[in-house]
Amino acid sequence: MLPEYLNLVGFDLENTIVGHKFLNPISLDNNIWQGNTPLIAASDVSQHISAVPVPARFFKHSVPFVLNNAAGSLYKGPKDYEALFNPKPDEELIRWMLLDPSYQEELEPEDYKRCVASAMDVGQYKFDLNYLLKADRRVPQVIFRDGSLFPQDAYLDNYVIDNRRGEFTREAIRELLNCFTYAQQTGVIYCGVSKSIQLKVYSAVVDWYIAKHVDPNWEIENYTLNDGRSMTLLLSSPDFTASNLQTALTTCLIRRSFTTRANLNTKTDPADPAPYFLQFEKAHSEFEITPFKKLCNIAHLYMFFIGHSKSPQEQLPRYEFFHYDALGSVTEVVQKLFSALQRCSFMPDNDHNFMTDQPVTYLIPSVTQHAHDLSKNVGKYIETDTGQRIMAKYKGFMPHVKKG
């Protein structure tokens, strides 16, 4: 049934879909790591909105700021996690972590909002690169990065905006390219664990199947759940839930390229974007778009869901990994990810509500949850130090404030 639907909507099955069926069983292969014990890592970024009081002669006021910081965790065995973080970032890193009030003064509201989002991407990419992919010690075999691998602002038009938003968009693209390059050099499986999901690809298949084979009165696309919610309801069904992580069900894997994420498939042939890039470069010669073009060339992800939740109240994340030839086949990578998940197990993440009144619980790899908790705690520490820096900075702009 899956090929029938995907052919209807124009999917290139041979190059886009991996899996014989929509849902496929997977079993633990104890020899997948060839007798070695994999080192599993994770990273996360936290955002802290705070303010520092700045005294004046006749009144007091607060200067708000946004601070992003990333942290990570290494899983070495049951209850054995190593914390990774930088408690004292230097001035160059603070440039990308800190958004002080000058950003709001210079940017339009939408640009400021996007700048804040890109700052989080930049901070996490820099952490992944310097603390995980370029580690002085043993580089992990698997990284379960909290969030999607692709940046939140991935459009070429935004890449060439001549303001601070554009600076952050360009930096995010450069740092993601660095992460992918080092992942290739070190043989790391770089995998995103995405919770906030907007895509409706898998759920559209379920929608179509119900209308065609279950309920002919079902209205396709009338109200379609996002992929995360739809696959959680499906895979947590008693008919599909495994009693342990020796076996489980996964969805088929769908290939997603940076070219598509950047929406270039609506503007040019994604298989040959060179003419479009050439025309774009002529119109924006003041910007170097080589990193963007390189990402379009190498950045191909495979996304899938795996049924490791027994309750629809514990939502499943979407896993998406960067694939390159040296990793082997796509199915081999999934087997290694399944083994890594079985090894580190899962923990609930209750810290997100995504605009709802009640917190939404996600069941994510334990090492990812440890990185999440650490990034929040480290951020509070850095926030205090950064607040002092900002206070000193703004006192310098106010000569009537007594210094001492």
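Quantities reported herein were computed from a predicted structural model and do not represent experimental measurements. (Residues numbered from 1 in each chain as written. Predicted model: local features only at pLDDT ≥ 70, side-chain atom pairs only at ≥ 80, totals over all residues. Heavy atoms only, no water.)

**Digging into the overall build of the chain**
Scanning the chain from terminus to terminus reveals 14 helices and 13 strands. Taking all 404 residues of the chain together, the buried fraction comes to 52%. Within the chain, contacts between residues separated by at least 24 positions form 74% of all contacts whose residues are at least 6 apart in sequence. Accessible surface, the chain as shown: approximately 19700 Å² in total, 50% of it carbon and sulfur. (Helix = DSSP H or I, 4+ residues; strand = E, 2+ residues; numbered from the N terminus. Buried < 20%, exposed > 50% of the residue type's maximum accessible area, 1.4 Å probe, protein only. Contact = heavy atoms within 4.5 Å. Areas by Shrake-Rupley, 256 points an atom, 1.4 Å probe, with all protein chains shown as cover.)

**With respect to the nonpolar core**
Nonpolar side chains in soluble globular proteins tend to end up buried together. Core analysis: the biggest nonpolar cluster contains 106 residues, and Phe144, Phe180, Phe258, Phe292 and Phe321 have the highest contact counts within it. For this core, the leading source of residues is helix H5 (residues 109-133), giving 11 residues. By size, the runner-up hydrophobic cluster in this structure holds nine residues, among which are Phe65, Ala71, Leu374 and Ile382. (Core = buried A, V, L, I, M, F, W, Y, C linked by side-chain atoms within 4.5 Å.)

**Comments concerning helix H12 (residues 290-298)**
For H12, every residue scored as buried is listed here: Pro291, Phe292, Leu295 and Cys296. Seen end-on, H12 carries its buried residues on one side only, within an arc spanning 145 degrees. The inward-facing, buried residues of H12 abut helix H6 (156-159), helix H7 (164-186), helix H10 (258-261), helix H11 (274-283) and strand E9 (300-304). (Arc of directions from axis to C-beta.)

**Observations concerning unusual backbone geometry**
Note: most peptide bonds trans; most residues except glycine with negative phi. With a phi angle near 70 degrees, Asn263 is a residue other than glycine that sits in the positive phi range. Examined against the element boundaries, Asn263 turns out to sit in the loop between H10 and H11. Asn263 gets classed as partly exposed once you look at its relative accessible area, which sits at 32%. One non-glycine residue, Ser345, lies in the positive phi region at around 65 degrees. Mapping Ser345 onto the fold places it in the loop between helix H13 (330-344) and strand E12 (346-352).

**Thoughts on the confidence of the model for the chain**
Regions with low pLDDT should not have their predicted coordinates read in detail. Residues at a pLDDT of 70 or more form 85% of the chain, whose mean pLDDT is 86. Confidence drops under pLDDT 50 across residues 397-404; counting only partners more than four residues distant or on other chains, this segment forms 11 contacts. (pLDDT = per-residue confidence, 0-100.)

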